[in-house]
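What follows is each chain in one-letter form.
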Amino acid sequence: FFTYAVRAANCKRERLGSAQTPVSSLRLSKHPSRTPSTQKTTMRAAHRLTQRVATRQASAIAPTAGQGVNPAPTHMLPPVSLLVEQPEVGAFNPPKRLLMGPGPGNAHPRVHAAMALPQIGHMDGAFLQMAEEIKEMLRYAWQTKNPFTVPCSGTGSAAWEALCANLTSPGDKHLVLVNGYFGLRHCDMASRYGAEIIKLEKPWGEVFTPEEVDAACAEHKPDMIWVAHAETSTGACQPMDQLGEIARNHDCLLAADTVTSIGGLPVRLDEWGVDAAYAGGQKALSCPPGIAPLTFGDRALTKMDKRTAAGEQVKNWYLDMNMIKQYLVVNDFGVPRVYHHTAPISMAYALREALGILTEEGLEASWSRHRDAAEFFWNELEKIGLECHVDWEHRLPTLTTVKIPEGIDGGKVVTYLRENYNIEIAGGLGALAGKVWRIGLMGYNARRENAALVCAALRDALDAQGYYRAPGLLYPSRQHSRSSFHGSA
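Reading the values: rules and limits
- Residues numbered from 1 in each chain as written.
- Predicted model: local features only at pLDDT ≥ 70, side-chain atom pairs only at ≥ 80, totals over all residues.
- Heavy atoms only, no water.
- Helix = DSSP H or I, 4+ residues; strand = E, 2+ residues; numbered from the N terminus.
- Buried < 20%, exposed > 50% of the residue type's maximum accessible area, 1.4 Å probe, protein only.
- Contact = heavy atoms within 4.5 Å.
- Areas by Shrake-Rupley, 256 points an atom, 1.4 Å probe, with all protein chains shown as cover.
- Pairing = 2+ DSSP bridges.
- Axes fitted to C-alpha atoms, helices over the stretch in contact; angles between N-to-C directions.
- Parallel < 35°, antiparallel > 145°, perpendicular 65-115°, else oblique.
- Left-handed = near helix turned anticlockwise from the far one by under 90°.
- Nonpolar A, V, L, I, M, F, W, Y, C, P; charged D, E, K, R; others polar.
- Phe/Tyr/Trp six-rings, centres within 6.5 Å; stacked < 30°, edge-to-face > 60°.
- Lys NZ or Arg CZ within 6 Å of the ring centre and 35° of its normal.
- 1 Å grid on protein atoms, 1.4 Å probe; cavity = no way out; pocket = protein on both sides within 12 Å on 5 of 7 lines; lining within 4 Å.
- Points joined across faces, edges and corners; volume = space filled by probe spheres on them.
- Core = buried A, V, L, I, M, F, W, Y, C linked by side-chain atoms within 4.5 Å.

Peer 1: Any chance you could explain the overall build of the protein here in plain terms?
Peer 2: Along its length, the protein carries 15 helices and 14 strands. Evaluated residue by residue, the protein yields a buried proportion of 50% over its 489 residues. Here the analysis covers contacts within the protein between residues at least 6 apart in sequence; of these, 71% occur between residues at least 24 apart. Here the protein displays about 24,300 Å² of accessible surface, and carbon together with sulfur accounts for 54% of that area.

Structure (structure tokens):
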């Protein structure tokens, strides 16, 4: 090894253009052409190289603290030509925004901290026990006793698609209550699984009456009624009273979208007779997007069993709840759980912590906090001359649609708030694009101080476009009916 070091030192000397005589083939001890000083210089260079190589070998075996696993020593790898060059990127440092749009909202700090916990395996007994705790708290949040209540790997749309994939047979009729953008999305999603779509439509921002739904069921005899309890595109809350009874009278399932309502306003699935529902974690639950609640009641599970008995395969392997049941649902027969896919461990930590925070606060307290922040916000909007799109009695406390005044560029207001205040709000979707702003008061962000800050920023943005200098501007009156929230809201 010493001889190798000597030769390497000589090579280095040659690369540097040294005038000294090469010594790679000479003895260092006694040679007539070698001066003592030259011999000492070469010896020192060889010694230094010996130390460096030894250090690299040790580092490859035992990485230094805080540096992780070191890459293999480069001198052991042959030179290669890469098709894609190594990109020059540094650490990602996102801007700090107050997320007051339709979602995601800012996650609770405790939820972020939970995501940093050490990972364990998805078949680990501790993880499966935690999954049982998540399921128990989801039943509390939804007010249901459904045994099949699970966290679904993916965002709320994944849980939504799981509902469609597992509860739709080709040719099934879906009566879709369309009063916003997400009703149209269900039409698209369910049709991909072979459903025949029947639309019951209302202007965006209005809600359906039980009589209208009952008449449509009598006419079309659907296999499923789909309804958005909280329509995120309009800010309207659909009353759920009598819909479950109507579904049973017409022998069809009732499926509900509760993405923007769970945790933020009263949701009582069993009391309403809802057979299947899904939600998202990134709104009133204050969890980052990436894991979503899903629940099936007895009638929905019976539908799944009938499909299985008929040899009908779910058209989505990843979201096949027959397989997920074998992994996430405890049975009474001692059958071991069966691996299906790798669960998102850190997202499960996040959802558990978010639900734990909701449980600590209490459902009624959370509902009241959201309602208080929303009503404060609505009154402040009136003070600065802005109107809401949805009537007071049907407004969501979690999501408010604000009418864009005539002559105001709504997109510029969104940009102004983001660039000047680090506040995120959103514009309208579909039929409401360019007509409203969508502003959320959800979960951790549902506080009066955030509502006041958004109103101040909106006033500044409007003033920048000359809104308050327009001749003849009249603020709307504050005459409205203040209705207290109730269970069917």
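Peer 1: Can you walk me through the environment of Gly154 in this structure?
Peer 2: Position of Gly154 relative to the elements: it lies in the loop between strand 2 (148-153) and helix 5 (156-167). Residue classification places Gly154 among the buried positions, given a relative accessible area of 19%. With 139 residues separating them along the chain, Gly154 and Pro293 place their C-alpha atoms 9.6 Å apart.

Peer 1: Explanation requested: the sheet that holds strand 14 (residues 436-440) in the structure shown.
Peer 2: Where strands meet in a sheet, backbone hydrogen bonds hold them as pairs that are either parallel or antiparallel. Pairing within the open sheet is antiparallel, and its three strands lie in the order 11-14-13. Either end of the sheet is taken by a strand with one partner, and the two such strands are strand 11 (399-403) and strand 13 (426-427). The sheet contact formed by strand 13 and strand 14 spans two bridges and is antiparallel. Within strand 14, the position partnered with Gly427 by the bridge is Trp437.

Peer 1: When you look at the packing of helix 14 (residues 410-421) against helix 15 (residues 448-464) in this model, what are you seeing that I'm missing?
Peer 2: When two helices pack together, their arrangement is given by the angle between the helix axes and the distance between those axes. Packing of helix 14 against helix 15 brings their axes to within 9 Å, and their N-to-C directions diverge by 120°. Considered as vectors, helix 14 and helix 15 are oriented oblique to each other. Note on packing geometry: the crossing formed by helix 14 with helix 15 is right-handed. Of the residues in helix 15, those in contact with Val413, Tyr416, Leu417 and Tyr421 of helix 14 are Ala457, Leu458, Asp460, Ala461, Leu462 and Ala464. Broken down by class, the residue content of the contact of helix 14 with helix 15 amounts to nine nonpolar, no polar and one charged.

Peer 1: Would you explain the packing of helix 4 (residues 125-142) against helix 12 (residues 345-361) in this entry?
Peer 2: Close contact between helix 4 and helix 12 brings their axes to 9 Å; oriented N to C, the two are set at 40°. In terms of orientation, helix 4 and helix 12 fall into the oblique class. Considering how the two elements wind past one another, helix 4 and helix 12 form a crossing that is left-handed. Taken together, the residues of helix 12 that come into contact with helix 4 (itself represented by Phe127, Met130, Glu133, Ile134, Met137, Leu138, Tyr140 and Ala141) are Ile345, Ala348, Tyr349, Leu351, Arg352, Leu355, Gly356, Leu358 and Thr359. Residues that form the contact of helix 4 with helix 12 fall into these classes: 13 nonpolar, two polar and two charged.

Peer 1: Sorry, what's going on with the packing of aromatic side chains here?
Peer 2: Here the structure, examined in full by the defined rule, presents seven aromatic pairs. The interplanar angle of 75° and the centroid separation of 4.9 Å between the aromatic rings of Trp378 and Trp392 together place this pair among those described as edge-to-face. Note that Trp378 is positioned in helix 13 (residues 363-383) and Trp392 in the loop between helix 13 and strand 11, a separation of 14 residues in sequence. In this pair, the class of Trp378 matches that of Trp392, namely buried. Here the aromatic cluster, defined as three or more aromatic residues joined through ring pairs, consists of Trp160, Tyr181, Phe182, Trp226 and Tyr278. Between Arg395 and the ring centre of Trp378, over which it is positioned, the NZ or CZ distance is 5.0 Å.

Peer 1: Would you mind showing me how to read unusual backbone geometry here?
Peer 2: The general pattern is negative phi for most residues beyond glycine and trans for most peptide bonds. Following Gly103, the chain continues into Pro104 via a peptide bond in cis, with omega recorded as 5°. With respect to the secondary-structure elements, Pro104 resides in the loop between strand 1 (98-99) and helix 3 (109-115). You will see that Gln143, though not glycine, has its phi angle at about 55°, which is positive. Within the secondary structure layout, Gln143 lies in the loop between helix 4 and strand 2. Phi is positive for Asn422, which is not a glycine, with a value near 55°.

Peer 1: Honestly, empty space enclosed by the protein in this entry has me stumped. Any pointers?
Peer 2: The method is simple in principle: a probe with the dimensions of a water molecule rolls over the atoms, and the space it marks as empty is what remains. Evaluation of the coordinates by the stated rule reveals two cavities of 30 Å³ or more. Of the pockets and cavities examined, the largest cavity occupies roughly 170 Å³. As for the largest cavity, its lining consists of 18 residues, and the residues nearest its centre are Pro151, Ser153, Leu328, Ala343 and Pro344. For the lining of the largest cavity, the secondary structure elements donating two or more residues are helix 4, strand 2 and helix 11 (321-328). Taken as a whole, the second largest cavity spans an internal volume of roughly 30 Å³.

Peer 1: Explanation requested: the nonpolar core in the structure shown.
Peer 2: Among soluble globular proteins, nonpolar side chains are generally buried collectively. Counting residues in hydrophobic clusters, the biggest one holds 90 residues, and the most contacted among them are Leu163, Leu167, Val213, Ile225, Leu294, Phe296 and Met321. Sorting elements by how many residues they give to this core places helix 12 first, with 10 residues. What Leu163 contacts, discounting residues up to four positions off in sequence, is Met224, Ala255, Ala276, Ala277, Tyr278, Leu294 and Phe296. Among the nonpolar cores identified, the runner-up in size contains 33 residues, and Phe376, Trp437, Cys455 and Tyr468 belong to it.

Peer 1: Honestly, the sheet that holds strand 8 (residues 253-257) in this entry has me stumped. Any pointers?
Peer 2: The strand order 2-10-9-8-5-3-4 describes an open sheet built from seven strands, whose pairing is mixed. At either margin of the open sheet sits one strand with a lone partner, and together these are strand 2 and strand 4 (196-201). Strand-to-strand twist of the sheet, defined as the mean angle between neighbouring strand axes without regard to direction, takes the value 20°. Note: strand 2 against strand 10 (residues 291-296), six bridges, orientation antiparallel. Bridging across to strand 10, Ser153 finds its partner in Ile291. Where helix 4 meets the sheet, it contacts strand 2, strand 9 (276-278) and strand 10, and its direction lies at approximately 110° from that of strand 2.

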